[in-house]
Amino acid sequence: MKNRVTIRDVAAAANVSVATVSYVLNGKKKVSEETRQKILAVIDELGFVPDLNARGLSVKDTKLLGVVVPQTEPGSKLMFHNIFYSELLGSIEYAARQRGYHVIISATDVTEDYLHLIQERNLAGVIIIGTYQNCFFSELKTLDVPVVLIDSYCKYDYFHKLRIDDEDCSYQATEYVIRQGHRRIGLVTGHLQEDGVMQKRYRGFLRAFEQNGLTFSGENLYEATVDYESGVRAADWFADTKADITAVVATADVLAIGLMKGFYEKGIRVPEEVSIIGFDDLDISKYTTPGLTTVKQPISAKGERAVEILIENIENPKMEKVEEVFPVELIERQSIRKRVETT
């Protein structure tokens, strides 16, 4: 593990006092140009990042936790378009506040800039939601900061990990739809990123088909950003292409709710003409008409547990890494209609 470079390291390497380095960094006192350039060269060589939260540029416990929410497209406001993130972030913020911590939320494409932010703000720990490139995780594990991954299939064993078994959960949801007599089933999913949550759910969907002797037609796959508008557009697409389906599996409730709205606007009745199953069991899912049948995952519990593990690791840097897979539950409401296929 690469330790954080401190102002004392810079002072020692430049053969000057800590105060002189501080003067160069904050510009409060005049330092000779020769000394300034020498210190700046050492800072560059050592990769020193000033701590914006420190007093006198010394490291201290800031009681700040960082939370990263994935941004799938430039300018996207994913955390506001998908209620899943609202519920998860709300549970994280509340659990942190109850323990005397504050949360900094970043909805961003994670780059080296975020790694610098961790150091600059002297974050006590970080919660990462979703999947990112391996190079980011490689850099992240060099920082001396506890990290909890939520809904990530990162291959590194260095981090704490919390998730559900997305492939098996999707298999169970699709198997349920098939048991209700449906054979011609469409799929609406988020982008199928390698080793991502949506890719796992897609695999579970296909496995249910295979184990029931069915073949999935790729023509009935709609892949898009996970938000309400994408669900509406998916319903339009199924209707306009006259897709031969009696049911749709949506890999997120927000997509399923958009589907309901889109089919309603096209004059297609749910579940009489098309059945729909979602994934998440967002609070809003029980208020739709019809109520949404869905896979209930413990959204708030994952957020609360992430904070609990993170703070435990902050207080005990040598604790063993935690990996937990949460159970899920199928919630039956009115959006799936039992069907008897004649062919």
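Please refer to the structure higher up on the page.
Source: prediction; values computed, not measured. (Residues numbered from 1 in each chain as written. Predicted model: local features only at pLDDT ≥ 70, side-chain atom pairs only at ≥ 80, totals over all residues. Heavy atoms only, no water.)

Trainee: What's the story with the overall build of the protein chain in this structure? I'm lost.
Mentor: Helices and strands together make up the secondary structure of the protein chain, namely 12 helices and 12 strands. Within the protein chain, buried positions represent 52% of all 343 residues. Element-wise, carbon and sulfur atoms account for 47% of the exposed surface of the protein chain, whose accessible area totals about 16,700 Å². (Helix = DSSP H or I, 4+ residues; strand = E, 2+ residues; numbered from the N terminus. Buried < 20%, exposed > 50% of the residue type's maximum accessible area, 1.4 Å probe, protein only. Areas by Shrake-Rupley, 256 points an atom, 1.4 Å probe, with all protein chains shown as cover.)

Trainee: How should I be thinking about the pattern of salt bridges in this particular structure?
Mentor: Any two side chains of opposite charge can pair, so long as their charged atoms come close to each other. A full pass over the atoms with the stated rule returns 17 salt bridges. Glu-93 serves as the salt-bridge partner of Arg-97, at 2.8 Å between the closest nitrogen and oxygen. Taken together, the positions of Arg-97 and Glu-93, both in helix H5 (residues 83-98) and four residues apart, correspond to about one turn of that helix. The residue Glu-194 makes a salt bridge to Arg-203 at a minimum N-O spacing of 3.6 Å. Judged by relative accessible area, Arg-203 falls into the partly exposed class, the value being 30%. Each of Glu-167, Asp-168 and Arg-207 takes part in salt bridges that share partners, so that together they form one network. (Salt bridge = Lys/Arg side-chain N within 4 Å of Asp/Glu carboxyl O.)

Trainee: Can you walk me through helix H1 (residues 7-14) in this structure?
Mentor: Think of an α-helix as turning once every 3.6 residues; residues three or four places apart then point the same way. Of the residues making up H1, those classed as buried are Ile-7, Val-10, Ala-11 and Ala-14. The arc that holds every buried residue of H1, seen down its axis, measures 100°, which confines them to one face. Away from its buried face by more than 90 degrees, H1 exposes Arg-8 and Ala-12. Looking one or two residues beyond H1, the residue adopting positive phi is Asn-15, at roughly 60°. (Arc of directions from axis to C-beta.)

Trainee: Would you mind going over a nonpolar patch on the surface with me for this structure?
Mentor: There is a patch of nonpolar side chains on the surface, built from Ile-83, Ile-284 and Tyr-287 and spanning about 300 Å² of accessible area. Within the secondary structure, Ile-284 is located in the loop between strand E9 (275-280) and strand E10 (293-296). (Patch = residues over 30% accessible without salt bridge, like charges linked within 9 Å, V, L, I, M, F, W, Y side chains within 5 Å.)

Trainee: I would appreciate a short explanation of the nonpolar core in the present structure.
Mentor: Grouped burial of nonpolar side chains is what soluble globular proteins tend to show. Within the largest apolar cluster, 49 residues are counted, with the highest numbers of intra-cluster contacts made by Leu-65, Ile-92, Ile-127, Ile-129, Val-177, Ile-185 and Val-307. Apart from residues lying up to four places away in sequence, Ile-92 is in contact with Val-67, Val-103, Ile-127, Ile-129, Ile-150, Gly-303 and Val-307. Counting residues in hydrophobic clusters, the runner-up holds 25 residues, among them Ile-245, Ile-268, Val-274 and Leu-292. (Core = buried A, V, L, I, M, F, W, Y, C linked by side-chain atoms within 4.5 Å. Contact = heavy atoms within 4.5 Å.)

Trainee: How do you make sense of the packing of aromatic side chains when you look at a structure like this?
Mentor: When we look at a pair of aromatic rings, we describe it by the centre distance and by the angle of the planes. Here the structure, examined in full by the defined rule, presents seven aromatic pairs. A ring pair is formed by Phe-84 and Tyr-85, whose centres lie 5.2 Å apart and whose planes are at 85°; its orientation type is edge-to-face. Looking at Phe-84, the relative accessible area reads 6%, which means it is buried. Given the relative accessible area of 11%, Tyr-85 is considered buried. Each ring, one from Phe-205 and one from Phe-209, has its centre 4.9 Å from the other, and the planes form 40°; the classification is tilted. Within this pair, Phe-205 and its partner Phe-209 are both found in helix H9 (residues 197-211), separated by four residues, close to a single helical turn. (Phe/Tyr/Trp six-rings, centres within 6.5 Å; stacked < 30°, edge-to-face > 60°.)

Trainee: How do you make sense of the environment of Ser-170 when you look at a structure like this?
Mentor: Considering the arrangement of structural elements, one finds Ser-170 in helix H8 (residues 166-179). Owing to a relative accessible area of 3%, Ser-170 belongs among the buried residues under this scheme. In this structure the C-alpha to C-alpha distance between Ser-170 and Val-249, which are 79 residues apart in sequence, comes to 8.9 Å. If we skip the residues at most four places from it in the chain, Ser-170 touches Arg-201, Gly-204, Phe-205 and Phe-279.

Trainee: Just to check I follow, could you spell out the side chain of Arg-163 for this structure?
Mentor: Tracing the backbone through its elements, the reader meets Arg-163 in strand E5 (residues 160-164). The side chain of Arg-163 is buried and forms no salt bridge, while Glu-323, the nearest opposite charge, is found at 4.1 Å. Leave out the neighbours within four places in its chain, and Arg-163 touches Asp-151, Ser-152, Tyr-153, Lys-302, Glu-323, Glu-324, Val-325 and Phe-326. (Lys, Arg positive; Asp, Glu negative; His and termini not counted.)

From the geometry alone we can't say anything about function, so treat these as descriptive.
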